[in-house]
2 protein chains.
Amino acid sequence: MSEAGGRPTIKEVARRAGVALSSVSRVLNDHPDVSESMRARVHESITALGYEPNLLAAGLRRGSSRTVGFIVADLRNPLYASIVTAAQRELGGAGYAVVITSSNSEAERDEEMARGLRLRQVDALIVSLTDETHPGVIEELARFDGPVVLLDRQVPDLRNASTVETDHGTGMKRATRHLMELGHERIALITGPLEARPSAQRVKAFLDVHRENGLEYPEDLVRTGSFEPGFGEGSTSELLQADRPPTALIAGGNQLLTGVLRSLRGLGIEAGRDLALISCDDVPLSELHTPPITVIDRDIEEFGRAGARLALERLSDPDAAPRKVVLPTSLVLRESTVRVPSH
Amino acid sequence: MSEAGGRPTIKEVARRAGVALSSVSRVLNDHPDVSESMRARVHESITALGYEPNLLAAGLRRGSSRTVGFIVADLRNPLYASIVTAAQRELGGAGYAVVITSSNSEAERDEEMARGLRLRQVDALIVSLTDETHPGVIEELARFDGPVVLLDRQVPDLRNASTVETDHGTGMKRATRHLMELGHERIALITGPLEARPSAQRVKAFLDVHRENGLEYPEDLVRTGSFEPGFGEGSTSELLQADRPPTALIAGGNQLLTGVLRSLRGLGIEAGRDLALISCDDVPLSELHTPPITVIDRDIEEFGRAGARLALERLSDPDAAPRKVVLPTSLVLRESTVRVPSH
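Residues numbered from 1 in each chain as written. Chains lettered and ligands numbered in written order. Predicted model: local features only at pLDDT ≥ 70, side-chain atom pairs only at ≥ 80, totals over all residues. Heavy atoms only, no water.

Right, let's get into the overall build of chain A. In terms of helices and strands, chain A carries 13 helices and 12 strands. Computed over its C-alpha atoms, the radius of gyration of chain A comes to 26 Å, more than 25% above the 20 Å expected for a compact globule of 343 residues. In terms of overall dimensions, chain A has C-alpha extents of about 90 × 40 × 30 Å along its principal axes. Taking all 343 residues of chain A together, the buried fraction comes to 58%. Charged side chains in chain A number 40 positive and 49 negative. The centres of these two groups are separated by 5 Å. (Helix = DSSP H or I, 4+ residues; strand = E, 2+ residues; numbered from the N terminus. Rg over C-alpha atoms; globule rule 2.2 N^0.38 Å. Buried < 20%, exposed > 50% of the residue type's maximum accessible area, 1.4 Å probe, protein only. Lys, Arg positive; Asp, Glu negative; His and termini not counted. Charge placed at Lys NZ, Arg CZ, Asp CG, Glu CD.)

If you look at the biggest cluster of nonpolar residues, it comprises 60 residues, and the most contacted ones within it are Phe70 of chain A together with Phe70 of chain B. Ignoring anything within four residues of it in the chain, the contact list for Phe70 of chain A reads Ile83, Val84, Ala87, Val98, Val99, Ile100, Thr101, Leu117, Ile126 and Leu151 of chain A. Listed in part, the 38 residues of the second largest apolar core include Val260 of chain A together with Leu221, Leu249 and Ala271 of chain B. (Core = buried A, V, L, I, M, F, W, Y, C linked by side-chain atoms within 4.5 Å. Contact = heavy atoms within 4.5 Å.)

Residue and element names in this part refer to chain B. Relative to each other, helix 1 (residues 10–17) and helix 2 (residues 21–28) sit at 105 degrees, their axes nearing to 8 Å. When the interaxial angle is binned, helix 1 and helix 2 end up roughly perpendicular. Counted together, Ile10, Lys11, Val13 and Ala14 of helix 1 and Leu21, Val24 and Leu28 of helix 2 form the full contact between these two elements. Among the residues making up the contact of helix 1 with helix 2, the classes are represented as 6 nonpolar, no polar and 1 charged. (Axes fitted to C-alpha atoms, helices over the stretch in contact; angles between N-to-C directions. Parallel < 35°, antiparallel > 145°, perpendicular 65-115°, else oblique. Nonpolar A, V, L, I, M, F, W, Y, C, P; charged D, E, K, R; others polar.)

Residues and elements named next belong to chain A. The strand order across the open sheet built from 6 strands is 7-6-8-9-10-12, with neighbouring strands paired in mixed fashion. Strands at the two margins of the open sheet, each flanked by one partner only, are strand 7 (222–224) and strand 12 (330–332). Within this sheet the neighbouring strands show an average axis-to-axis angle of 15 degrees, counted without direction. Here strand 8 (residues 248–251) pairs with strand 9 (residues 276–280) via 4 bridges, running parallel. From the neighbouring strand, Leu249 faces strand 9, where its bridge partner is Leu277. Sitting on the sheet, helix 9 (residues 197–212) is in contact with strand 6 (187–191), strand 7, strand 8 and strand 9, with an inclination near 170 degrees to strand 6. (Pairing = 2+ DSSP bridges.)

Let us look at the side chain of Thr258 of chain A. Among the structural elements, Thr258 of chain A can be located in helix 11 (residues 254–267). Those residues in contact with Thr258 of chain A that sit more than four places away from it in its chain are Pro229 and Leu285 of chain A together with Pro284 and Leu288 of chain B.

This structure, assessed with the given rule, holds 40 salt bridges over all chains. Between Arg273 of chain A and Glu270 of chain A there is a salt bridge, and its shortest N-O distance comes to 3.6 Å. Its salt-bridge partner being Glu212 of chain B, residue Arg177 of chain B comes within 2.7 Å of it at the nearest N-O pair. Placement of the pair is Arg177 of chain B in helix 8 (residues 168–181) and Glu212 of chain B in helix 9 (residues 197–212), with a sequence separation of 35 residues. Residue classification places Arg177 of chain B among the partly exposed residues on the basis of a relative accessible area of 33%. On the accessibility criterion, Glu212 of chain B (47% relative accessible area) is partly exposed. Linked by salt bridges that have partners in common, Asp152, Glu165, Arg197, Asp281, Arg298 and Lys324 of chain A make up one network. (Salt bridge = Lys/Arg side-chain N within 4 Å of Asp/Glu carboxyl O.)

All names here are of chain A. Inspection of the secondary structure puts Leu91 in helix 5 (residues 78–93). Residue class for Leu91 comes out buried when judged on its relative accessible area of 0%. Separated by 214 residues in sequence, Leu91 and Arg305 have C-alpha atoms that sit 8.5 Å apart. In this structure Leu91 touches Val68, Tyr96, Val98, Ile126, Ala308 and Leu312, once residues within four positions along its chain are discounted.

Residues and elements named next belong to chain B. Taken together, 6 strands build an open sheet; the order of strands is 7-6-8-9-10-12 and the sheet is mixed. The sheet is open, and its two borders are formed by strand 7 (222–224) and strand 12 (330–332), each paired with just one other strand. Averaged over all pairs of adjacent strands, the angle between strand axes in this sheet comes to 15 degrees, irrespective of strand direction. Sheet contacts for helix 9: strand 6 (187–191), strand 7, strand 8 (248–251) and strand 9 (276–280); angle to strand 6, the most-contacted strand, approximately 170 degrees.

Let's shift gears to unusual backbone geometry. Residues other than glycine predominantly adopt negative phi, and peptide bonds predominantly adopt the trans conformation. Residues and elements named next belong to chain A. Note the cis peptide between Thr290 and Pro291, where omega equals -5 degrees. With respect to the helices, strands and loops of the structure, Pro291 is situated in the loop between helix 12 (284–288) and strand 10 (294–297). Although it is not a glycine, Asp152 adopts a positive phi angle of roughly 55 degrees. Mapped onto the elements, Asp152 comes out in the loop between strand 4 (148–151) and strand 5 (161–166).

Okay, the side chain of Thr166 of chain A next. Residues and elements named next belong to chain A. Along the chain, the position of Thr166 falls in strand 5. Exposure remark for Thr166: the relative accessible area of 0% places this residue in the buried category. Once residues lying within four places of it in the same chain are set aside, the contact partners of Thr166 are Asp152, Arg197, Gln201, Arg298, Phe303, Val326, Leu327 and Thr329.

The next thing to look at is the packing of aromatic side chains. Each aromatic ring pair is specified by the distance between its two centres and by the angle formed by the two planes. Inspection of every chain in the model, using the stated rule, returns 0 aromatic pairs over all chains. Just above the ring of Tyr96 of chain A sits the side chain of Arg66 of chain A; from NZ or CZ to the centre is 4.3 Å. (Phe/Tyr/Trp six-rings, centres within 6.5 Å; stacked < 30°, edge-to-face > 60°. Lys NZ or Arg CZ within 6 Å of the ring centre and 35° of its normal.)

The next thing to look at is the environment of Ser103 of chain A. All names here are of chain A. By the element assignment, Ser103 lies in the loop between strand 2 (97–102) and helix 6 (107–119). Accessibility expressed as a relative area gives 0% for Ser103, which makes it buried. Discounting residues that sit within four places of it in the chain, Ser103 has contacts with Val72, Ala73, Arg109, Asp110, Met113 and Thr130.

Residues and elements named next belong to chain A. Its 16 residues place the ends of helix 9 22 Å apart at the C-alpha level, agreeing with the 22 Å of an ideal helix rising 1.5 Å per residue. Residues Arg197, Pro198, Ser199, Arg202, Val203, Ala205, Phe206, Leu207, Asp208, Val209 and His210 constitute the buried set of helix 9. Two residues or fewer after helix 9 comes Gly214, characterised by a positive phi angle close to 65 degrees. (Expected span 1.5 Å × (residues − 1).)

To continue, consider the environment of Ile83 of chain A. Relative to the elements of secondary structure, Ile83 of chain A occurs in helix 5. When the C-alpha positions of Ile83 of chain A and Ser162 of chain A are compared, they lie 16 Å apart, and in sequence the two are 79 residues distant.

Residues and elements named next belong to chain A. Burial analysis of strand 5 places 6 of its 6 residues in the buried class, which makes it a mostly covered element. Pairing geometry for strand 4 and strand 5, over 4 bridges, is parallel. The partner of Val149 across the bridge, within strand 5, is Ser162. Pairing of strand 5 with strand 11 (residues 324–327) involves 4 bridges; the strand directions are parallel. Its bridge partner being in strand 11, Thr166 is matched across the sheet by Leu327.

The next point concerns helix 13 (residues 300–316) of chain A. Think of an α-helix as 3.6 residues a turn; residues three or four steps apart then line up on the same face. Residue and element names in this part refer to chain A. With 17 residues, helix 13 ought to run about 24 Å at 1.5 Å a step, and its terminal C-alpha atoms sit 25 Å apart, in line with that. Taken across its 17 residues, helix 13 has 12 buried, putting it largely inside the fold. For helix 13, the secondary structure elements touched by its buried residues are strand 1 (67–72), helix 5, strand 3 (124–127), strand 4, strand 5 and strand 11. In this structure Asp299 caps helix 13, since a side-chain oxygen of it lies 3.3 Å from the backbone nitrogen of Glu301. (Polar contact = N/O pair within 3.5 Å; in protein donor to acceptor, adjacent residues only side chain to side chain.)

Right, dumping it as structure tokens:
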């Protein structure tokens, strides 16, 4: 208890321990130049009084808040939640709290969030950008003093940043080849904006496999623009009601899949019977759909852990150079990928 | 640009504006006692120099960080993500940033998160507790100075807290009655721990409807313990492989539903044919399942907005009394609720 009745102050801690105020401060800030006996006396006094440091003030003195800021494009995507949860476990083990903010897939909000976290003095930033070409957010991240980790994005101008990337290309190539082996020549691809690296990688791989099989670029079958369910639903309806509809469809994201399945239900088209279907990233919906849906999968928890490790690496050694980790994708075959239906 | 070449300081802002340091500080802190012309001169100087206030320092001076802390039990539950996203939109409109932390459904972590956010001086806390009876976290929340909003939890000792509750009872009564009208007498219920308010409310309503229909308490058919998919999967397998299996099942949460459906697939049992099935809260999985699954639904975005409004109410008027908002549930009928199958 405080002698004055209110919350105990750092002065009371010093008085009880019989040491100078500056010594208490050195102990609280983990200063190396503190004897073991000094540390013990101060800690005894802190415990006896129930003193609690003001972390905001402590962070200000040290220039550190022992906090890592996490910006996610869309919290409602279960993928991000898994990434954040895995990263949080890794960072928590190293004594860092995680504060999360979401930009709701608006590039301007990315900038605002990055600025807010920078001004709140987080020690590191882990970022999944909505639009990696948005100049405002790149400028904002460049001004950040601590380590920056980009998730699945590439910003060549940001020499300050480590990255965790996914090899989306290899998975997409396998998926496209698998569909061609089943006889499909009219394959549709729906994915996010080309300004986001995963979409650009997917489209390139998709087109490469067409080229290597001597097939024309199916311009009318590739839809890029957004990772939201509504875009998946609208694109699927357009594609399947066109004069020459596709016989197979690849959804470039689990949120897009939700929209694709809504459209199929509305049109009375059954995946795995009337249409071959592949999605990206395994979620309960792809696993438990009837029939189960073939997916381009990756270890999403390892993705989150890798992001955390890259941040910790440079937090513990500020001279460490930023680096890049690339994680693989694989194709999980299920019953939704059928041969071309014969009408 | 700063005259000294580095980041501009508040002193440089004062010098350029030709005013005292304390005047700049008053402008930055929105002090009412500042003339319009003074405000304009300081803002001109801030813009010209590109000065950025240190929010950590500003928060410390004012005792406010213009930030609301959000503790969620499990970010991987898409429901929480929707709640947080809706609340964030509401709070952002009022000039508050939101920082989110997740306790990963561990009651001890709830306590740690609440403490961390309190020591970081967030202005308000919105909290979805894992276990509303855990003494450590209640103590921690009681020590928090600002408004606390509890989501779907009741802590009578916490006189400081507003609450947004869901009327889980009414939805559960409708669901149970609907199944009984279809002829079911052996109905199973799987839900979270009784220490969490939604589970306790569901079990009570479920038993009340049994009583009002002169049916015995089906002790062997009620499983409480966790909202995780694994608990749903294990409980379903046990229930359906027992000597007298149920003919209908209610899953008390969307994460539990994932586990229930995994178990059904493993056992070769089809919901909507071999078993009547109802879930709680509508998600893509319940909507897009074959057949679509009947759900006890609620307006989850309104739930998030209501939580934000309760926090804002007391942030703008610290004398306002805490209050409680209760939101309704409804039953959305779909094809998964069939009559008792005749074997």
